[in-house]
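# Observations on the model geometry
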Amino acid sequence: MLARVNDAAAELLARSRYLNLGTYRRSGAVVDTPLWFAARGEALVAFTQRGSGKVKRLRTSTRARVASCDVRGQVQGAWLEARAQIVADPASAEAGIDA
């Protein structure tokens, strides 16, 4: 999965090992999930299982929000709006990290 953010957001998140990914239910309610990620330019790359709730929610809407957090999900910065993209091919996702 990829999330696109602006340069300032990528710089802020580059100082953290974890991000809190907020995805949206059909009702509009936000579900926050802490994840390990890698920052690559204006893309943030995270890996998760295909059947996870966050992937199901992202199939409904690419709208997301991200914030720097600790391993337990305690937010350590401001929430930033983002757009997420599901990358189904592991080779493509790994190429995004190696780039």
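Note: the structure precedes this text.
Residues numbered from 1 in each chain as written. Predicted model: local features only at pLDDT ≥ 70, side-chain atom pairs only at ≥ 80, totals over all residues. Heavy atoms only, no water.

### What to know about the overall build of the protein chain
Broken down by element type, the protein chain carries three helices and seven strands. Counting over 99 residues, the protein chain shows a buried share of 39%. A sequence separation of at least 24 residues applies to 58% of the contacts in the protein chain between residues at least 6 apart. Summing over all exposed atoms, the protein chain offers an accessible surface of approximately 5800 Å²; the carbon and sulfur share of this is 47%. (Helix = DSSP H or I, 4+ residues; strand = E, 2+ residues; numbered from the N terminus. Buried < 20%, exposed > 50% of the residue type's maximum accessible area, 1.4 Å probe, protein only. Contact = heavy atoms within 4.5 Å. Areas by Shrake-Rupley, 256 points an atom, 1.4 Å probe, with all protein chains shown as cover.)

### Let's talk about the side chain of Arg57
Examined against the element boundaries, Arg57 turns out to sit in helix H2 (residues 53-60). Within the buried core, Arg57 has no salt-bridge partner, and the shortest N-O distance to an opposite charge, that of Asp32, equals 8.5 Å. (Lys, Arg positive; Asp, Glu negative; His and termini not counted. Salt bridge = Lys/Arg side-chain N within 4 Å of Asp/Glu carboxyl O.)

### Description of the nonpolar core
With eleven residues, the main nonpolar core is built from Leu19, Leu21, Leu35, Phe37, Leu44, Ala46, Leu58, Ala64, Val66, Ala82 and Ala84. Broken down by secondary-structure element, the contributors of at least two residues to this core are strand E2 (18-24), strand E6 (63-69) and strand E7 (80-85). (Core = buried A, V, L, I, M, F, W, Y, C linked by side-chain atoms within 4.5 Å.)

Honestly, that's just the spatial picture; any functional story needs more than this.
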